[in-house]
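Here is how the chains run, residue by residue.
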Amino acid sequence: MILLCDTRQKENKHKNIERYCRDNNITMIQQCLDVGDYMFPDGTIAVDTKKDVLELANDLYRDMKAFNKKYKKCYEKGIELWVLIEEKINNLNELANWRNSHTKVNGRLLIDMMHRLKVSYGVRFKFASKHESPKILIEILNKKYEE
């Protein structure tokens, strides 16, 4: 199995994914991807990874116009985009109560932004612990994972 990894990914950002691929005979190939951070060759699903809720909040809040353009691009190309956030959030109530002093965004606003992207462009969001995320990433790309 081959997993394409976007060349713009920060080096060693996802050692957990690299280790999982190595342990499961998945070859990672660096390639400039139009959308997302990970895809299978000729795949119709892309996964964009976020290291935590704060990164997601900052990305969506600071540059919503750029992200709408990126997500619209996926939609127009027929690529199903998943955003995999490496933080254990068990339900929307937990996310709604999320707060961080480093951003103006709170959990309720984040839920609204995520919902708008899902309705407008079909973007799907999944939260997972850093330990679970590599397995879930591959399951999403293999179309074995449902919300």
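Conventions and cut-offs
Residues numbered from 1 in each chain as written. Predicted model: local features only at pLDDT ≥ 70, side-chain atom pairs only at ≥ 80, totals over all residues. Heavy atoms only, no water. Pairing = 2+ DSSP bridges. Helix = DSSP H or I, 4+ residues; strand = E, 2+ residues; numbered from the N terminus. Contact = heavy atoms within 4.5 Å. Axes fitted to C-alpha atoms, helices over the stretch in contact; angles between N-to-C directions. Left-handed = near helix turned anticlockwise from the far one by under 90°. Nonpolar A, V, L, I, M, F, W, Y, C, P; charged D, E, K, R; others polar. Buried < 20%, exposed > 50% of the residue type's maximum accessible area, 1.4 Å probe, protein only. Arc of directions from axis to C-beta. Parallel < 35°, antiparallel > 145°, perpendicular 65-115°, else oblique. Expected span 1.5 Å × (residues − 1).

### Examining the sheet that holds strand β6 (residues 124-128)
Link 1 in the chain: Pairing is mixed in the open sheet, where six strands are placed in the order β2-β1-β3-β4-β5-β6. Of all the strands in the sheet, just β2 (27-31) and β6 have a single pairing partner and so form its edges.
Link 2 in the chain: In terms of strand pairing, strand β1 (residues 2-6) meets β2 through five bridges, oriented parallel. Within the sheet, the bridge partner assigned to Leu4 lies in β2 and is Ile29.
Link 3 in the chain: The sheet strands contacting helix α1 (residues 15-23) are β1, β2, β3 (38-39) and β5 (80-86), and the helix crosses β2 at an angle near 135 degrees.

### Digging into the packing of helix α2 (residues 53-62) against helix α5 (residues 107-121)
Link 1 in the chain: Close contact between α2 and α5 brings their axes to 11 Å; oriented N to C, the two are set at 65 degrees. Here the hand of the crossing between α2 and α5 comes out left-handed. Residues Val53, Leu56, Ala57, Leu60 and Tyr61 of α2 form the contact with α5, whose participating residues are Leu109, Leu110, Met113, Met114 and Leu117.
Link 2 in the chain: Taken together, the residues of the contact of α2 with α5 break down into 10 nonpolar, no polar and no charged.

### Section: α1
Link 1 in the chain: Residues of α1 that are buried include every one of Asn16, Ile17 and Cys21, and no others. The buried residues of α1 all sit within an arc of 135 degrees when viewed along its axis, so they share a single face. Of the residues in α1, the exposed ones pointing more than 90 degrees away from the buried face are Arg22 and Asp23.
Link 2 in the chain: In this structure, the buried residues of α1 make contact with β1, β2, β3, β5 and α6 (133-141).

### What to know about the packing of α1 against α6
Link 1 in the chain: Packing of α1 against α6 leaves a shortest axis separation of 8 Å and a crossing angle of 65 degrees. With respect to their mutual orientation, α1 and α6 come out roughly perpendicular. Judged by the sense of rotation from one axis to the other, the crossing of α1 with α6 is right-handed. Here Asn16, Ile17 and Tyr20 of α1 lie close against α6, whose contacting residues are Ser133, Pro134, Lys135, Leu137 and Ile138.

### A closer look at unusual backbone geometry
Link 1 in the chain: One non-glycine residue, Asn25, adopts positive backbone phi at about 55 degrees.
Link 2 in the chain: You can see Asn25 is positioned in the loop between α1 and β2.
Link 3 in the chain: Looking at Asn25, the relative accessible area reads 66%, which means it is exposed.
Link 4 in the chain: Of note, Asp42 is a non-glycine position whose phi angle comes to about 60 degrees, a positive value.
Link 5 in the chain: Within the fold, Asp42 resides in the loop between β3 and β4 (45-50).

### Some details on α5
Link 1 in the chain: The terminal C-alpha atoms of α5 lie 21 Å apart, and with 15 residues this matches the ideal 21 Å at 1.5 Å per residue to within 8%.
Link 2 in the chain: Of the residues making up α5, those classed as buried are Gly107, Leu110, Met113, Met114, Leu117 and Tyr121. Summarising the axial view, the buried residues of α5 lie within an arc of 125 degrees, below the 170-degree limit, and thus occupy one face. In α5, the exposed residues that point more than 90 degrees away from the buried face are Arg108, His115 and Val119.
Link 3 in the chain: In the stretch just after α5, Gly122 is the one whose phi turns positive, near 75 degrees.

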